[in-house]
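Commentary on secondary and tertiary structure
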Amino acid sequence: MKWLIKLCLCLPLLAQAQTLTVKVPSRPINDLDSEYQLKLLELALTKAGQPFKLERVELNLNQYSLQQELRKGKTINVFWMGTSSDLESYLLPVPIPLFRGLEGLRISFIHSDAQEKFNQVNGLADLQKLKAAQGVGWADNKILEQAGIPTYAGRYSNLFRLINDGDKLDFFPRNVVEIFAERAELAAQYPNLAIEQHLLLRYPFAEFFFVSPESPKLAKAIQTGLERAYADGSFMAFYRESPKIREALASANLDRRLTIHLTNPDMTPLLRSIPAQYWDYPPVDTAPRETSAAQ
């Protein structure tokens, strides 16, 4: 009888011990984070059947500094980023694309007076005469630089102001989901921030959940949950019903844009090995070329 009493007393402690603490950075511009990646993370952990406690940590760091905090695993232990061989070497990637390949479709922020200049871009050679904005530590930097596009790497939250001011940088490529969410959130603050209407950059790319090496159980739970969500249809329901996804696909006019294909010089084996079921827009590792927009 005594052992039964002890077991009953220990059960709450065991349940508490099994609860995962999930520490996610909360960034200054975070509307999409809150409405898509964070909800997808919660879906995955729920599907994994793993009790969890979610904490949002206020951080205003460039991505390189954020990656180092994630590596330590004390302040934060999970975040979503475009994959690279560097990140995959010291963090725990969950190799399921969060946006089913939309990560590799890029349209750009420009100054509202610059559309005519971009209308004159007929291929990569023209784009190489302009200067792109990217964040510090982003995997996209290597892709643009490999393509011969001059690139400035700065703090994410400052890049919108630089494009809005229009005197130093020409364009800021974003994935097609990010750009509409960011425009809605920043319109009042940056009235000259416009979405470019003529071009589409496409390159092999995916955004993953990355987990601190100090939290392997969390990485396993996220991957298990995402796999189960695919198996029971809840991932695809979440993706298709997401207001952010629906707005992007309805507004981007992808088939009317001039597509410029870029190679990814850091096409990791993990990225290449992702099963076809996880893509709507699979990566195509091609030499740079241009495709005429649909008429």
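**Describing the nonpolar core**
Ranked by internal contacts, the top residues of the largest apolar core, which has 77 residues, are Leu41, Phe209 and Ile222. Sort the elements by how many residues they give to this core and helix α2 (residues 31-47) lands first, with 8 residues. Setting aside residues up to four positions removed in sequence, Ile222 forms contacts with Leu41, Ala44, Leu45, Val78, Val94, Phe209 and Val211. The next biggest cluster of nonpolar side chains, apart from the first, holds 21 residues, and it includes Ile110, Ala132, Leu144 and Ala147.

**Considering the packing of α2 against helix α10 (residues 216-231)**
For the pair α2 and α10, the least separation of the axes is 7 Å and the interaxial angle reads 90°. Regarding the angle of α2 to α10, the classification is roughly perpendicular. On α10, the residues that touch Leu40, Leu41, Leu43, Ala44, Leu45 and Lys47 of α2 are Leu218, Ala221, Ile222, Gly225, Leu226, Arg228 and Ala229. Counted by class, the contact of α2 with α10 contains 10 nonpolar, 1 polar and 2 charged residues.

**Brief notes about the pairing of strand β3 (residues 78-82)**
Burial analysis of β3 places 5 of its 5 residues in the buried class, the great majority of the element. A two-sided burial pattern is seen for β3, the buried positions comprising Val78, Trp80 and Gly82 on one face and Phe79 and Met81 on the other.

**A closer look at the environment of Asn122**
Examined against the element boundaries, Asn122 turns out to sit in the loop between α5 (115-119) and α6 (124-127). Judged by its relative accessible area of 57%, Asn122 falls in the exposed class.

**Regarding the pattern of salt bridges**
Throughout the structure, instances matching the rule amount to 15 salt bridges. The partner of Glu69 in a salt bridge is Lys72, and the shortest N-O contact between them spans 3.5 Å. Separated by 3 residues within a single helix, Glu69 and Lys72 lie in helix α3 (residues 63-72), roughly one turn from each other. Residue Arg161 pairs with Asp165 through a salt bridge whose shortest N-O separation is 3.6 Å. Separated by 4 residues within a single helix, Arg161 and Asp165 lie in helix α8 (residues 156-165), roughly one turn from each other. What you see here is one network of salt bridges that share partners, running through Arg106, Asp140, Arg174, Glu178 and Glu182.

**Topic: α10**
In this model, α10 (16 residues) spans 23 Å end to end at C-alpha, consistent with the 22 Å of a helix rising 1.5 Å per residue. Within α10, burial applies to Leu218, Ala219, Ala221, Ile222, Gly225, Leu226, Ala229 and Tyr230. Along the axis of α10, the buried residues cluster in a sector spanning 165°; they form a single face. Away from the buried face of α10 by more than 90 degrees, exposed residues Lys217, Lys220 and Ala231 are located. Tucked inside the fold, the buried residues of α10 contact β1 (20-26), α2, β3, β4 (92-94), β11 (207-211) and α11 (234-241). Looking at the residues trailing α10, positive phi occurs at Gly233, about 85°.

**Notes on unusual backbone geometry**
Residues other than glycine seldom take positive phi values, yet Arg100 does so here, at roughly 55°. Its place among the elements puts Arg100 in the loop between β4 and β5 (105-111). Even without being a glycine, Asn253 presents a positive backbone phi close to 50°. What makes Asn253 partly exposed here is its relative accessible area of 33%.

**Let's talk about the sheet that holds β4**
Spatial strand order, β3-β11-β4: 3 strands in an open sheet with antiparallel pairing. Only two strands of the sheet have a single neighbouring strand rather than two, namely β3 and β4. Averaged over neighbouring strand pairs, the angle between their axes works out to 35° when direction is ignored. Of the strand pairs in this sheet, β4 and β11 are connected by 3 bridges, and their pairing is antiparallel. Looking at the pairing, Pro93 lines up with Phe210 of β11. Against the sheet, α3 touches β3 and β11, its axis set at about 140° to β3.

**With respect to the packing of aromatic side chains**
Considering all chains together, one arrives at 15 aromatic pairs under this definition. Centre to centre, the rings of Trp80 and Phe209 are 6.1 Å apart; their planes meet at 75°, and the pair counts as edge-to-face. One end of the pair, Trp80, is in strand β3; the other, Phe209, is in strand β11, and 129 residues separate them in sequence. The exposure class assigned to Phe209 is buried, which follows from its relative accessible area of 0%. Among the aromatic residues, those joined into a cluster by ring pairs are Phe109, Trp138, Tyr156, Phe160 and Phe172.

The rules behind each value
- Residues numbered from 1 in each chain as written.
- Predicted model: local features only at pLDDT ≥ 70, side-chain atom pairs only at ≥ 80, totals over all residues.
- Heavy atoms only, no water.
- Core = buried A, V, L, I, M, F, W, Y, C linked by side-chain atoms within 4.5 Å.
- Buried < 20%, exposed > 50% of the residue type's maximum accessible area, 1.4 Å probe, protein only.
- Helix = DSSP H or I, 4+ residues; strand = E, 2+ residues; numbered from the N terminus.
- Contact = heavy atoms within 4.5 Å.
- Axes fitted to C-alpha atoms, helices over the stretch in contact; angles between N-to-C directions.
- Parallel < 35°, antiparallel > 145°, perpendicular 65-115°, else oblique.
- Nonpolar A, V, L, I, M, F, W, Y, C, P; charged D, E, K, R; others polar.
- Salt bridge = Lys/Arg side-chain N within 4 Å of Asp/Glu carboxyl O.
- Expected span 1.5 Å × (residues − 1).
- Arc of directions from axis to C-beta.
- Pairing = 2+ DSSP bridges.
- Phe/Tyr/Trp six-rings, centres within 6.5 Å; stacked < 30°, edge-to-face > 60°.

Interpretation note: all reported values are geometric properties and have no functional meaning in isolation.
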